[in-house]
Amino acid sequence: MNIRIGTDIVHIPRIKTALDRFGEKFLQRVYTPIEQQDFLKLLSSSRGDADGRGIARLAGRWAAKEAVVKALGTGWRGVRYTDVEIQRQSNGEPHVCLYGSASARAIYWGGCQWQVSLSHDGDYAIATALLYVIPESVDSQS
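Residues numbered from 1 in each chain as written. Predicted model: local features only at pLDDT ≥ 70, side-chain atom pairs only at ≥ 80, totals over all residues. Heavy atoms only, no water.

J.: Could you clarify how one ought to interpret the overall build of the chain in this entry?
T.: What the chain contains, in helices and strands, is 5 helices and 5 strands. When its helices and strands are written in sequence order, the chain yields β-α-α-α-α-β-β-α-β-β. Here the chain has a C-alpha radius of gyration of 16 Å; the compact-globule value for 142 residues is 14 Å, and the two agree. Considering only C-alpha atoms, the chain reaches an extent of 50 × 25 × 25 Å along its principal axes. Here the chain, with 142 residues, has 42% of them falling under the buried criterion. (Helix = DSSP H or I, 4+ residues; strand = E, 2+ residues; numbered from the N terminus. Rg over C-alpha atoms; globule rule 2.2 N^0.38 Å. Buried < 20%, exposed > 50% of the residue type's maximum accessible area, 1.4 Å probe, protein only.)

This is how it looks when you write it as structure tokens:
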């Protein structure tokens, strides 16, 4: 098994500044519709985003997207932010979904499995992504 790792840390106020400055345009450029819905759901809850959970969640997803492209080995070369989606499973566990160029890279390698961990503390969000490539499905030319 080939294991690849990526990690990233994000200053949460940086994401808040981008959202305040660019609003909907920022959300659409960086986050998929599912990720946007999750954020907007928090904003529309009875508490709103008074405690900043929505912004922290956006920052965590940003860090996770960065960690994923690092594990893929592509960086953002040829990959759009919305090619990487971080979903929340019913138990809250993050789940990676790839589209476009990011998906093509994973398909090229063959069987891929992801593990992602996100954490928030104070003004920072961090994420680590582990990519497991199953050997028998790895293209012999890679």
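J.: What should I look at first to understand the confidence of the model for the chain in this one?
T.: Caution is warranted with low-pLDDT regions, since their predicted coordinates should not be read in detail. In this model, the chain carries an average pLDDT of 89, and 90% of its residues clear a pLDDT of 70 or more. A low-confidence stretch, residues 137–142 (pLDDT under 50), is modelled with 10 contacts involving residues beyond four sequence positions or located in other chains. (pLDDT = per-residue confidence, 0-100. Contact = heavy atoms within 4.5 Å.)

J.: In this structure, what is going on with the pairing of strand β5 (residues 124–133)? I would like to understand it.
T.: One face of the sheet, then the other: side chains in a regular strand alternate in exactly this way. When strand β1 (residues 2–11) meets β5, the two strands line up antiparallel, connected through 10 bridges. Counted as the bridge partner of Arg4 is Leu131 from β5. Between the antiparallel neighbours strand β4 (residues 112–121) and β5 lie 2 residues, among them Gly122 with a positive phi of about 60°. (Pairing = 2+ DSSP bridges.)

J.: Sorry, what's going on with the sheet that holds β5 here?
T.: Paired through backbone hydrogen bonds, the strands of a sheet run either parallel or antiparallel to each other. The strand order β1-β5-β4 describes an open sheet built from 3 strands, whose pairing is antiparallel. For this open sheet the edge positions go to β1 and β4, each flanked by a neighbour on one side alone. The mean inter-strand angle of the sheet, taken between neighbouring strand axes irrespective of direction, is 10°. Packed onto the sheet, helix α1 (residues 12–22) meets β1 and β5 and runs at close to 70° relative to β1. (Axes fitted to C-alpha atoms, helices over the stretch in contact; angles between N-to-C directions.)

J.: Quick question: what am I supposed to make of the state of the cysteines here?
T.: Each disulfide is one covalent bond, formed between the sulfur atoms of two cysteines. Going through the model one piece at a time under the given rule, you end up with 0 disulfides. Its sulfur unpaired, Cys97 is 14 Å from the next cysteine sulfur, which belongs to Cys112. Here Cys97 falls in the buried class, since its relative accessible area comes to 15%. (Disulfide = S-S within 2.5 Å.)

J.: Help me out: how do you make sense of the side chain of Lys65 in this one?
T.: By the element assignment, Lys65 lies in helix α4 (residues 53–72). Under the relative-accessibility criterion, Lys65 is labelled buried at 0%. Polar side-chain contacts of Lys65 include one of 3.0 Å to the backbone oxygen of Val30. A polar atom in the side chain of Lys65 sits 2.9 Å from the side chain of Glu35. (Polar contact = N/O pair within 3.5 Å; in protein donor to acceptor, adjacent residues only side chain to side chain.)

J.: Sorry, what's going on with helix α3 (residues 33–44) here?
T.: A rise of 1.5 Å per residue sets the reference length of α3, with its 12 residues, at 16 Å; its end C-alpha atoms lie 16 Å apart and thus fit the reference within 8%. For α3, the full list of buried residues reads Glu35, Gln36, Asp38, Phe39 and Leu42. Buried residues of α3, seen end-on, are gathered within an arc of 160° and therefore sit on one face of the element. Exposed and facing more than 90 degrees away from the buried side of α3 are Pro33, Gln37, Lys41 and Ser44. Against the buried residues of α3 lie α1, α2 (24–30), α4 and β2 (84–88). (Expected span 1.5 Å × (residues − 1). Arc of directions from axis to C-beta.)

J.: I would appreciate a short explanation of a nonpolar patch on the surface in the present structure.
T.: A contiguous nonpolar patch, built from Ile9, Tyr124 and Ile126 and spanning about 290 Å² of accessible area, is present on the exposed surface. Residue placement: Ile9 occurs in strand β1. For Ile9, a relative accessible area of 52% corresponds to the exposed category. (Patch = residues over 30% accessible without salt bridge, like charges linked within 9 Å, V, L, I, M, F, W, Y side chains within 5 Å. Areas by Shrake-Rupley, 256 points an atom, 1.4 Å probe, with all protein chains shown as cover. Salt bridge = Lys/Arg side-chain N within 4 Å of Asp/Glu carboxyl O.)

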